[in-house]
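Summary of structural features
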Amino acid sequence: MMKPLKSKVSITLDSDVIEKIKLLAEEDDRSFSQYINLILKEHLNQKEA
């Protein structure tokens with residue numbers, strides 16, 4: 001099974017948002033990028049529902 005294609009992007013986030021995401025990602029045993037990807041996917045799924 002092939003991994004989905006990924007692209008690098010550069011975004012600017014508020015410092016407090018970064019800190020909260022880092023903590024949540026660590027609790028979930030995911031990388032910062034993996035956690036943001038998860039959050040965005042969930043948000044997009046909700047928008048499509």
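All values derive from a computational prediction rather than experimental measurement. (Residues numbered from 1 in each chain as written. Predicted model: local features only at pLDDT ≥ 70, side-chain atom pairs only at ≥ 80, totals over all residues. Heavy atoms only, no water.)

A few points about the layout of surface pockets
- Taken as a whole, the largest pocket spans an internal volume of roughly 710 Å³.
- In this structure, the largest pocket is lined by 19 residues; those nearest its centre are Ser 7, Val 9, Ser 33, Gln 34 and Asn 37.
- The dominant element in the lining of the largest pocket, judged by the number of residues it contributes, is helix α2 (residues 32-48), at 8 residues. (1 Å grid on protein atoms, 1.4 Å probe; cavity = no way out; pocket = protein on both sides within 12 Å on 5 of 7 lines; lining within 4 Å. Points joined across faces, edges and corners; volume = space filled by probe spheres on them. Helix = DSSP H or I, 4+ residues; strand = E, 2+ residues; numbered from the N terminus.)

Digging into the pattern of salt bridges
- Within this structure, the stated rule accounts for 1 salt bridge.
- Here Asp 28 and Arg 30 are joined by a salt bridge, their closest N and O atoms 2.7 Å apart.
- For Asp 28, a relative accessible area of 36% corresponds to the partly exposed category.
- Classification of Arg 30 by relative accessible area gives partly exposed; the value is 36%. (Salt bridge = Lys/Arg side-chain N within 4 Å of Asp/Glu carboxyl O. Buried < 20%, exposed > 50% of the residue type's maximum accessible area, 1.4 Å probe, protein only.)

Section: helix α1 (residues 15-27)
- Taking 1.5 Å of rise per residue, 13 residues should cover 18 Å, and α1 covers 19 Å from first to last C-alpha, within 8% of that figure.
- Backbone geometry just after α1 places Asp 29 at a positive phi near 55 degrees. (Expected span 1.5 Å × (residues − 1).)

Some details on the environment of Ile 11
- Summarising the element assignment, Ile 11 is placed in the segment before α1.
- The exposure class of Ile 11 is exposed, given its relative accessible area of 53%.
- Residues Ile 11 and Lys 47, 36 residues apart in the sequence, show an inter-C-alpha distance of 21 Å.

Re unusual backbone geometry
- Not every positive phi belongs to a glycine, and Asp 29 is a case in point at roughly 55 degrees.
- Mapped onto the secondary structure, Asp 29 falls in the loop between α1 and α2.
- With a relative accessible area of 71%, Asp 29 lands in the exposed category.

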